[in-house]
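Here are the chains, one letter per residue:
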Amino acid sequence: MIVLKKGPYRSWILARYGFIASSMLRGFVQKGIMTEEQKDRFLNSIETVAGTLVDDMDRVLAGDYSLQDFLSKYGTCAGL
């Protein structure tokens, strides 16, 4: 992971790149280069840590993933 290797100072650069990319995608839609649906489909195809966490939570709720395995992967919150 880049943030861990380069430190938090560089993480703002990655965030800035994300804002630039989002702006470019909005511009593509406004100019008719891509549709809103294509933009949404592209954005939904990007895997994120948060998305993986939500998917794993859904799997636990559906009974396809044990709570123990989930907690082993993500840890527990002390005091909760």
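Above this text is the structure in question.
Just so it is clear, the model here is predicted, and its values are computed rather than measured. (Residues numbered from 1 in each chain as written. Predicted model: local features only at pLDDT ≥ 70, side-chain atom pairs only at ≥ 80, totals over all residues. Heavy atoms only, no water.)

Asks: Would you mind going over the overall build of the chain with me for this structure?
Replies: In terms of helices and strands, the chain carries five helices and zero strands. Per-residue burial over the chain gives 9% buried out of 80 residues. (Helix = DSSP H or I, 4+ residues; strand = E, 2+ residues; numbered from the N terminus. Buried < 20%, exposed > 50% of the residue type's maximum accessible area, 1.4 Å probe, protein only.)

Asks: Teacher, can you tell me more about a nonpolar patch on the surface here?
Replies: Together, Leu14, Tyr17, Ile20 and Met24 make up an exposed nonpolar region whose accessible area comes to about 390 Å². The topology assignment puts Ile20 in helix 2 (residues 8-30). (Patch = residues over 30% accessible without salt bridge, like charges linked within 9 Å, V, L, I, M, F, W, Y side chains within 5 Å. Areas by Shrake-Rupley, 256 points an atom, 1.4 Å probe, with all protein chains shown as cover. Salt bridge = Lys/Arg side-chain N within 4 Å of Asp/Glu carboxyl O.)

Asks: When you look at the pattern of salt bridges in this model, what are you seeing that I'm missing?
Replies: Close approach of charged atoms allows side chains of opposite charge to pair. With the rule as written, the count across this model stands at five salt bridges. Asp40 is the partner of Lys39 in a salt bridge, and the nearest nitrogen-oxygen pair spans 4.0 Å. Owing to a relative accessible area of 34%, Asp40 belongs among the partly exposed residues under this scheme. A single network of salt bridges, built from pairs that share partners, joins Glu36, Lys39 and Asp40.

Asks: Even after reading the chapter, I still don't get the side chain of Asp56, so can you show me in this structure?
Replies: By secondary structure assignment, the location of Asp56 is in helix 4 (residues 49-62). Separated by 2.6 Å, the side chains of Asp56 and Tyr74 make a polar contact. Setting aside residues up to four positions removed in sequence, Asp56 forms contacts with Tyr65, Phe70, Lys73 and Tyr74. (Polar contact = N/O pair within 3.5 Å; in protein donor to acceptor, adjacent residues only side chain to side chain. Contact = heavy atoms within 4.5 Å.)

Asks: Could you clarify how one ought to interpret helix 4 in this entry?
Replies: The periodicity of an α-helix, 3.6 residues per turn, causes residues three or four places apart in sequence to face the same way. Spanning 14 residues, helix 4 covers 20 Å between terminal C-alpha atoms, matching the ideal 20 Å at 1.5 Å per step. Where helix 4 ends, the next residue or the one after it, Gly63, has phi of about 85°, a positive value. (Expected span 1.5 Å × (residues − 1).)

Asks: What is the right way to look at the packing of helix 4 against helix 5 (residues 67-74) in this model?
Replies: How two helices sit against one another is set out by the angle between their axes and by the gap between those axes. Where helix 4 meets helix 5, the closest approach of the two axes is 9 Å, and the angle between their N-to-C directions is 160°. Taken together, helix 4 and helix 5 sit at an angle that is classed as roughly antiparallel. For the pair helix 4 and helix 5, the crossing hand works out as left-handed. Only Leu67, Phe70, Lys73 and Tyr74 of helix 5 make contact with helix 4, whose side of the interface consists of Thr52, Leu53, Asp56, Met57 and Val60. Looking at the contact of helix 4 with helix 5 residue by residue, the class counts come to six nonpolar, one polar and two charged. (Axes fitted to C-alpha atoms, helices over the stretch in contact; angles between N-to-C directions. Parallel < 35°, antiparallel > 145°, perpendicular 65-115°, else oblique. Left-handed = near helix turned anticlockwise from the far one by under 90°. Nonpolar A, V, L, I, M, F, W, Y, C, P; charged D, E, K, R; others polar.)

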